[in-house]
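Each chain, written out:
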Amino acid sequence: METKRIPRLHPVHKVFKRITDYWLNDASFLVLMVALVFTVFVLPVLIDYGHVKILFVNIVFIFLFFTGIWMSDNKLLIGLTTILFLCQLVLRILRFSDLPVEFYLQERIIGLLNMMVFIFLNIRLLFRNYEINLFRIIGAINVYLLVAILGAFALEVIQISVGSSISGISGDASIKELTGVDQDFSAYIYFSLVSLTTVGYGDYLPVNIMSKMLAVMLSTTGILYPAVVIAKLVGSSTVEKH
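Residues numbered from 1 in each chain as written. Predicted model: local features only at pLDDT ≥ 70, side-chain atom pairs only at ≥ 80, totals over all residues. Heavy atoms only, no water.

Side note on the packing of aromatic side chains
Then, in step 1: Counted by the stated rule, this structure contains 10 aromatic pairs.
Then, in step 2: With 5.2 Å between their ring centres and 80° between their planes, phenylalanine 61 and phenylalanine 185 make a pair best called edge-to-face. Here the residue phenylalanine 61 occupies a position in helix α3 (residues 54–68), and phenylalanine 185 occupies one in helix α7 (residues 185–196), the gap between them amounting to 124 residues. Of the two residues, phenylalanine 61 and phenylalanine 185, both sit in the buried class.
Then, in step 3: On the basis of an interplanar angle of 5° and a centroid distance of 6.4 Å, the ring pair of tyrosine 190 and tyrosine 201 is categorised as stacked. Separated by 11 residues along the polypeptide, tyrosine 190 in helix α7 and tyrosine 201 in the loop between α7 and β2 (204–206) bring together distant segments of the chain.
Then, in step 4: Judged by relative accessible area, tyrosine 190 falls into the partly exposed class, the value being 27%.
Then, in step 5: Clustering of aromatic rings is evident, with ring pairs tying together Phe61, Phe65, Phe153 and Phe185. (Phe/Tyr/Trp six-rings, centres within 6.5 Å; stacked < 30°, edge-to-face > 60°. Helix = DSSP H or I, 4+ residues; strand = E, 2+ residues; numbered from the N terminus. Buried < 20%, exposed > 50% of the residue type's maximum accessible area, 1.4 Å probe, protein only.)

In structure tokens, the structure reads:
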């Protein structure tokens, strides 16, 4: 009787498989949550007080996009995330190089598409195999924070495209004029979170129809998302028990 020989993986393939297995595991939600909490709540403070260089800010986003490559075992999605990541990487390298070439708007649009795919991948992981546990709850929070970052990216694209997106109330000296550069991320993520959580402090206001509709969309998502996710997770738990 012949015994089947299990093909040995090349060392490089082993490394890739281990990385993919980890990011497809529920435990990866915790690592991603740490990265997102830092990006959403800590990084804006560091930017505003000048404690980090803009290169570091870009490295943080590159790391997030890089993890998206490993969050699927579907070849089409792997190819898509890889292409988007490489485009994002090349455009950011061009911006920080000495070359007189800069594709700032294109870079931001690619980043927006990358974040959309990233959210889709996390939703797929969140609701896979009808299982519910603590890590899935963390995964649901991750998607919420990713939507906030998506909103910030969209505001930045609007700002660069038409010259305005949000503006602070007149007479407030603490609110700076926004131009769409990396240093403005703190204002964009703040407004995105305020809209998503439907708090609406009113210190920043959308100034054109695109940013107004984006703010409404974020607010609607912020209201519906918790209800939909809770219902889906409870439904998944019921299906698993049966």
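Once the structure has been displayed, the description carries forward.
Describing the packing of helix α2 (residues 28–48) against α7
Then, in step 1: Relative to each other, α2 and α7 sit at 145°, their axes nearing to 8 Å. Pair α2 / α7 crosses with left-handed handedness. Where α2 abuts α7, its residues Thr39, Val40, Phe41, Pro44, Ile47 and Asp48 lie against Phe185, Ser186, Ile189 and Leu193.
Then, in step 2: Residue composition of the contact of α2 with α7, grouped by class: seven nonpolar, two polar and one charged. (Axes fitted to C-alpha atoms, helices over the stretch in contact; angles between N-to-C directions. Left-handed = near helix turned anticlockwise from the far one by under 90°. Contact = heavy atoms within 4.5 Å. Nonpolar A, V, L, I, M, F, W, Y, C, P; charged D, E, K, R; others polar.)

Looking at the nonpolar core
Then, in step 1: Grouped together as the largest cluster of nonpolar side chains are 63 residues, with contacts concentrated most on Phe61, Leu64, Met115, Ile149, Phe153 and Ile189.
Then, in step 2: Here this core takes 15 residues from helix α6 (residues 134–162), the largest share from any one element.
Then, in step 3: When sequence neighbours within four positions are dropped, the list of residues in contact with phenylalanine 153 reads Phe61, Phe65, Gly111, Leu112, Met115 and Phe185. (Core = buried A, V, L, I, M, F, W, Y, C linked by side-chain atoms within 4.5 Å.)

These figures capture arrangement, not role.
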